[in-house]
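Spelled out from the first residue to the last, the chains are:
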Amino acid sequence: MSTAAPDLRDRQDGAAPLERRAVPPGRRLRRGLAPWLLLAPALIVLGVLLLWPMVRVLNLSLQDYELKNLLRGDSNYVGLDNYVQVLTDPFLWQIVLPNTVGFAIVCVVLTMAVGTVVALFLNTLGTAWRSICTTAIMVAWAVPALTGTYIFVWLFDPQSGLVISALDGLGLMEAGSVNWFTNRWSFYAIATLNVVYHGFPFIAVTMLAGLTTVPDELYEAAALDGAGAWTRFWQVTVPTLRPIIAVCVILSTIWDFKVFVQIFLMPGGDGSTREVMNLGVWSYTQSFAQGEYGMGSTIAVLLTALLMVISVVYIRTLMKEEEL
Amino acid sequence: MIARRHVLAAGAAGSAALALAACGGDSGGSGGEVDGEGKTLTFWLMEGTNASADAYIEELKTAFTEATGATLDVQVQPWDGAHDKFVTAMAGGTGPDVAEVGTTWVPEFADAGGIDDLSEDIEAAGLADGLVEGLVEAGSLDGGTYGMPWYAGVRSILANREMLEAAGVAEQPQSWDDLLTMITTLKEHDPDWIPFPVAGGSIFSAMPFVWGAGGEIATQEGETWTAAINSPEAVEGLTWYTDLALKHDASTSAATTWLETDSLAAFLQETVPMFITGSWVPATIEAENPELAEKLVAFTIPAKDSAVAPSFLGGSLMCRFTETAEPELAFELIKLVTTGDFATRWAEETNYFPGTTAALDEVVAGGDEITKVFATQMTEGGKSVPVTPAWGKIEGAKTLGTMISSVLDGTAVQDAADTAAEEMDGFFSE
Amino acid sequence: MNRRTPATTAARAIGVVVLLALTLFPFYWMLSTAVDTSPLSRGASLLPSGLTLEHFEHVLVDAGFLRYVRVSLVVALGTVVLSGAVALLAAVAVARFRFRLRTQVLVMVLMVQMVPLEALVIPLFLQARTLGMLNSLLGLTIVYLGFSLAFAIWNLRGFVAAVPRELEEAAYVDGASWWRMFRSILLPLVAPGLVATSVFSFITAWNEFIFALTFMQDGSKYTVGVGLRTFFTQNTADWGSVMAASTIIALPVVLFFVLVQRNLAKGITAGAVKG
């Protein structure tokens, strides 16, 4: 992979002049239409499956739409009532929003930190060990979120899990004396572990691929100036890898805000322990457990809005870095 | 939906005619109830009720095909998450034709229009008399009967006689004090035991104590319901029950998220000498661990100063989903399951009490000691949760479950009860 | 970077051991629990208390897990084929053509990945209900196509851009039509990228949970994820079997990943660096 990346870098230089070479008029017309023909299936799919539903969820969020309405097939517009109700609910401000935002921030920071450290470490290794370690972290990445969650639930099982057994063996804590899944903090600590474990490999692999493209001369020059490893990292590595870092941060932010399965499948995470709910679970249970599809849509819209704000900010930053 | 209603009305009329003539000419063009040839009916049966369900299902399928010519597809559903699944299935129109529905959910589903009013069909089939009152009441909304009573059960205390005798406490407790003495004695006898698990995920283990102290979940005045779970009586009961875990070491922290099945699992491992469980559980134990089944003994759950506290009379009704394409065929299945041989057999195999009075008397008369204890709890203490569409939502929101687990996790009882009451009032006023 | 003192070598060795141990441990714990004769009393011992395949037998035979595997395979393979085809066309468009609104299209592709599934599940559920697509493998496949497509396009365009334009131009000079060039030049050269993208689509579909849970009410059409959850709620304390079932779900994905990891990393870098 170290050879592939550099020769990708000179696309613009080679492509632009070729484009301007004389092209027959007929072909030019077809070339004007061609990209849209090629894009058409994708745009239709994205439109029907992602954009239109978003319009629909907005529409539903303005209705008091319950199971009753659904079965009768009628609508029941209530204006912004749902929004007022959600936004004035202390449950949103005290429980759900902190759970969603706080958890995402912690996860993104930790994932980036662990991923970067692992990438830097892998970059110092020889080819053989590097590929062994890469394979190992690929395993961590590949374990599906669903089964990964069950593994962590089992590790922290209050009665016979590994962690409590080990603590019991050390005489620190008795098996069955504490249930980590009912406390908001310990619940999210376990969830964080799960999400970071699942998320850091992507960062590590991507950053590693980027690191191999940084010319050694840059480091050598910095070393000649007397820069230590720490300074070299911040002054050479980070600026060179900015686009890659930006992509990593965007993607992990998006992923960590949308975390659903990892919460929903933990004991009490499906809504029964109210204080561990996040926006996603709240929206889902409002709709599919309570049959309050309107209210569920409102919460979903809020979650989407939150993500949109974050991603617009990021895309702006990214676009400054490099033309898309 | 309009067309659907029309077919339904025709179906009801058709059934009445069929009772006389056994052939249906004009019942929505379906050709009549006994002619189900080539059709398939889907039936959702809840899991865990009958330990020998497989054999029962096979025979039910055969009998149904013999009677109607139609094929029966039985899908067994786990209780956990079942409410959400029903709601989603009704919303998506992906539900079965017939389903076993827990009593507490019937008013909600009926109100949403997901299940049919069966009163005319029941009347026409001559089944209206002799149904267990508590079950009919649970399935009633605005004068309609939205489910055919199938079976009922009640929770009492089930214990391991050997363990109790080892500690010298094998007597029916006459009051809370007696029960507490039993628990502390058991704990002293063997500190490794979990003498009386307080399962956070089981609200019906907690309610007998609320009721046993004179409290209520909610009270009704006219059309309006008001939460009463934060009344002094209810709080007293909750406090006493949760203190078993918090002060008297009767339980284990892990039990904060336990469901009744988890308590049962611990009971099967013989680390739990007694626990609150349903009248249907002895049969499960018999199948899992026959040796332990020999040692079973049951007690009624005591109230504050008497031997029998009110305990939730739960059970299931057979309901027909409004989306079914075969209403008559569906009612045939409901009749087959809830009456006659299949009804008695189900009761015998599950230790549940049947939904018809005749069969109920028969079962109690022929039952063992354990059955008699449960029967006493049911006849003297059988109690229902508020019969209102809002109840399903309260259950779906796990309002009471959240209240109990938050208390077990350290919240003050009054605070937790106030929160729950506020939430319940929110649902009542919708 | 190339200094080799005994101290740095030792530090590296320790680092490798720690990294390997931490990354592989949860996976190892799953596997070893799945074959443990009595997982509940194993405690904190690193080795299982005995070896058995009974949990796998229980899951596959008694709990009918093979059925769930079959459903998931059908849905995932369907997603792979559809999303590979559609994404390749779109990737060629954005990587090879400079047209008006190109940037906007790319931003949209990036943006739609941010739409949370929880927001889509309600409207798509209602839509699928109207179309009779609930409880249908096709319905679920189409939904997964939507979810895997954006990332597939994003990923593939890096590979397409990496194919030297000179090759294309040479084909035109030889009088080949665009379609001919696409088939005989572009397609073979982006094949590794297609493999990587397919793996992603496969995993998206294989791992997805919310939609499978909501759309599939019929027990015979559960995907592995929903099947595992159902199994878990019915057998909370049966960790041996839950981990055996988890292994069955995780293993194909892990093998896939490890096999194509080179291509995968290349694709990501291409996608990222190319921006």
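Residues numbered from 1 in each chain as written. Chains lettered and ligands numbered in written order. Predicted model: local features only at pLDDT ≥ 70, side-chain atom pairs only at ≥ 80, totals over all residues.

A. Highlighting the overall build of chain C. Within chain C, the secondary structure is distributed over 12 helices and zero strands. Ordered by position from N to C terminus, the α and β elements of chain C give α-α-α-α-α-α-α-α-α-α-α-α. Dimensions of chain C, computed from the C-alpha atoms along their principal axes, are close to 70 × 70 × 30 Å. Among the 275 residues that make up chain C, the fraction classed as buried is 52%. For chain C, restricting intrachain contacts to residue pairs at least 6 apart in sequence, the fraction spanning at least 24 positions comes to 77%. (Helix = DSSP H or I, 4+ residues; strand = E, 2+ residues; numbered from the N terminus. Buried ≥ 20, exposed ≤ 12 C-beta atoms within 10 Å, placed from the backbone. Contact = placed C-beta atoms within 7 Å.)

B. A look at the overall build of chain A. A count of helical and extended segments in chain A gives 16 helices and zero strands. Looking at chain A as a whole, 48% of its 324 residues are labelled buried. Summarising the internal contacts of chain A: among those between residues at least 6 apart in sequence, 66% fall at separations of at least 24.

C. The UniProt feature "transmembrane region" (unreviewed entry) in chain A, seen in detail. Annotation from UniProt places "transmembrane region" (unreviewed entry) at residues 36-55, 101-122, 134-156, 188-211 and 293-315 of chain A. The straight-line gap between the two end C-alpha atoms of residues 101-122 of chain A is 31 Å; of that span, 100% is helix and 0% is strand. (UniProt positions renumbered as here; feature names shortened; annotations may be inferred.)

D. Seen up close, the confidence of the model for chain C. Residues and elements named next belong to chain C. On average, residues of chain C score 86 in pLDDT, and 93% of them are at 70 or above. Within the model, the stretch residues 270-275 combines pLDDT values under 50 with 20 contacts to residues more than four positions away or in other chains. Among the scores for the predicted complex, ipTM is 0.85 and pTM is 0.79. (pLDDT = per-residue confidence, 0-100.)

E. Just the pairing of strand β1 (residues 40-46) of chain B, in detail. All names here are of chain B. Burial runs high along β1: five of the seven residues are buried. Bridge count between β1 and strand β2 (residues 71-77): seven bridges; the pairing is parallel. Counterpart to L45 in the pairing with β2 is V76. You can see the chain leave β1, run along helix α2 (residues 53-68) and come back into β2, and the turn it takes is right-handed. (Pairing = 2+ DSSP bridges. Right-handed = clockwise from strand over helix to strand, strands pointing away.)

F. Expanded view of the sheet that holds strand β6 (residues 148-153) of chain B. Residues and elements named next belong to chain B. Ordered in space as β2-β1-β3-β13-β6-β14, the six strands form an open sheet in which the pairing is mixed. Each end of this open sheet is capped by a strand with a single partner; those strands are β2 and β14 (353-354). Examined bridge by bridge, β1 and strand β3 (residues 98-102) share two bridges and lie parallel to one another. Counted as the bridge partner of F43 is V98 from β3.

G. Representation of the packing of helix α8 (residues 178-207) of chain C against helix α11 (residues 239-259) of chain C. Residue and element names in this part refer to chain C. The geometry of α8 relative to α11 is characterised by a closest axis approach of 11 Å and an angle of 165 degrees between their N-to-C directions. On the basis of the axis angle, α8 is roughly antiparallel to α11. Of the two elements, α8 crosses α11, and the hand of that crossing is left-handed. Where α8 abuts α11, its residues V199, F202, I203 and W206 lie against V253, F256 and F257. Partitioned by chemical class, the residues of the contact of α8 with α11 number seven nonpolar, no polar and no charged. (Axes fitted to C-alpha atoms, helices over the stretch in contact; angles between N-to-C directions. Parallel < 35°, antiparallel > 145°, perpendicular 65-115°, else oblique. Left-handed = near helix turned anticlockwise from the far one by under 90°. Nonpolar A, V, L, I, M, F, W, Y, C, P; charged D, E, K, R; others polar.)

H. Quick look at the confidence of the model for chain A. With 88% of its residues at a pLDDT of at least 70, chain A reaches an overall mean of 84. Throughout residues 1-21 of chain A the model reports pLDDT below 50, and contacts reaching past four residues in sequence, or to other chains, amount to 24 contacts.

I. Representation of the packing of helix α10 (residues 184-211) of chain A against helix α13 (residues 242-257) of chain A within the structure. Residue and element names in this part refer to chain A. Two elements in contact, α10 and α13, have axes whose closest approach is 10 Å; the angle formed by their N-to-C orientations is 165 degrees. Of the possible angle classes, the one that applies to α10 and α13 is roughly antiparallel. In terms of crossing hand, the pair formed by α10 and α13 is right-handed. In contact with V195, G199, I203, T206, M207 and G210 of α10, α13 contributes I244, C248, S252, W255 and D256.

J. Spatial organisation of the environment of C:L140. Residue and element names in this part refer to chain C. Structurally, L140 is set in helix α6 (residues 137-162). L140 gets classed as buried once you count the C-beta atoms within 10 Å, which come to 28. Along the primary structure L140 and F211 are separated by 71 residues, whereas in three dimensions their C-alpha atoms are 7.5 Å apart. When near neighbours in sequence (up to four residues on either side) are disregarded, L140 contacts V75, F211, A212, F215 and M216.

K. Quick look at the UniProt feature "transmembrane region" (unreviewed entry) in chain C. Residue and element names in this part refer to chain C. On the UniProt side, "transmembrane region" (unreviewed entry) is annotated at positions that read residues 12-31, 68-93, 105-125, 137-156, 185-206 and 239-260 here. Strand forms 0% of residues 12-31 and helix 100%; the C-alpha atoms that close the span are 28 Å apart. The straight-line gap between the two end C-alpha atoms of residues 185-206 is 32 Å; of that span, 100% is helix and 0% is strand.

L. The interface of chain B and chain A, seen in detail. On the chain A side, the residues contacting the 23 residues of chain B number 25 residues. Put simply, the parts of the chain that give the side of chain B that touches chain A at least two residues each are α3 (82-92), α18 (389-396) and α19 (399-408) of chain B. Ranked by residue count, the leading element in the side of chain B that touches chain A is α3(B), at six residues. For the side of chain B that touches chain A, the class distribution of residues is seven nonpolar, 12 polar and four charged.

M. Region of interest: the interface of chain A and chain C. At the junction of the two partners, chain A supplies 87 residues and chain C supplies 85 residues. A per-element tally of the side of chain A that touches chain C places helix α3 (residues 25-61) of chain A first, with 17 residues. Across the side of chain A that touches chain C, the residue classes tally to 62 nonpolar, 19 polar and six charged.

N. Summary view of α8(C). The end-to-end C-alpha separation of α8(C) is 37 Å, well short of the 44 Å expected for 30 residues at 1.5 Å each. The principal kink in α8(C), of about 55 degrees, is found at C:A191, preceding the proline C:P192 by one to four residues. (Expected span 1.5 Å × (residues − 1). Bend = angle between axes of the 7 residues up to and from the residue.)

O. Representation of the domain arrangement of chain C within the structure. Residue and element names in this part refer to chain C. Looking at chain C, the domain boundaries give domain 1 (1-52) and domain 2 (55-274). Averaged C-alpha coordinates put domain 1 and domain 2 at centres separated by 31 Å. Tallying the contact residues gives eight residues for domain 1 and 10 residues for domain 2. Among the residues making up the side of domain 1 that touches domain 2, the classes are represented as five nonpolar, two polar and one charged. (Domains from an automatic or database assignment.)

P. Examining the sheet that holds strand β7 (residues 155-160) of chain B more closely. All names here are of chain B. Pairing in this open sheet of three strands is antiparallel, and the strands run β10-β7-β11 from one edge to the other. Lying at the two open borders of the sheet, with one neighbouring strand each, are β10 (274-278) and β11 (296-299). Strand-to-strand twist of the sheet, defined as the mean angle between neighbouring strand axes without regard to direction, takes the value 40 degrees. Where β7 lies against β11, four bridges are found, and the strand directions are antiparallel. Residue pairing across strands places I157 opposite F299, the latter belonging to β11.

Q. Expanded view of the environment of B:G410. Residue placement: B:G410 occurs in the loop between α19 and α20 (413-428). Residues B:G410 and B:G168, spaced 242 residues apart in sequence, show a C-alpha to C-alpha distance of 33 Å.

R. Main features of unusual backbone geometry. Unlike most non-glycine residues, B:E270 shows phi in positive territory, near 60 degrees. Topologically, B:E270 is positioned in the loop between α11 (260-268) and β10.

S. How the structure looks around α18(B). All names here are of chain B. Most of α18 sits inside the fold, with eight of its eight residues counted as buried. Looking only at α18, the buried set comprises P389, A390, W391, G392, K393, I394, E395 and G396. On its buried face, α18 is in contact with α3, α4 (106-112), β9 (224-227), α19 and α20. Once α18 finishes, K398 follows within two positions and takes phi at roughly 55 degrees, a positive value.

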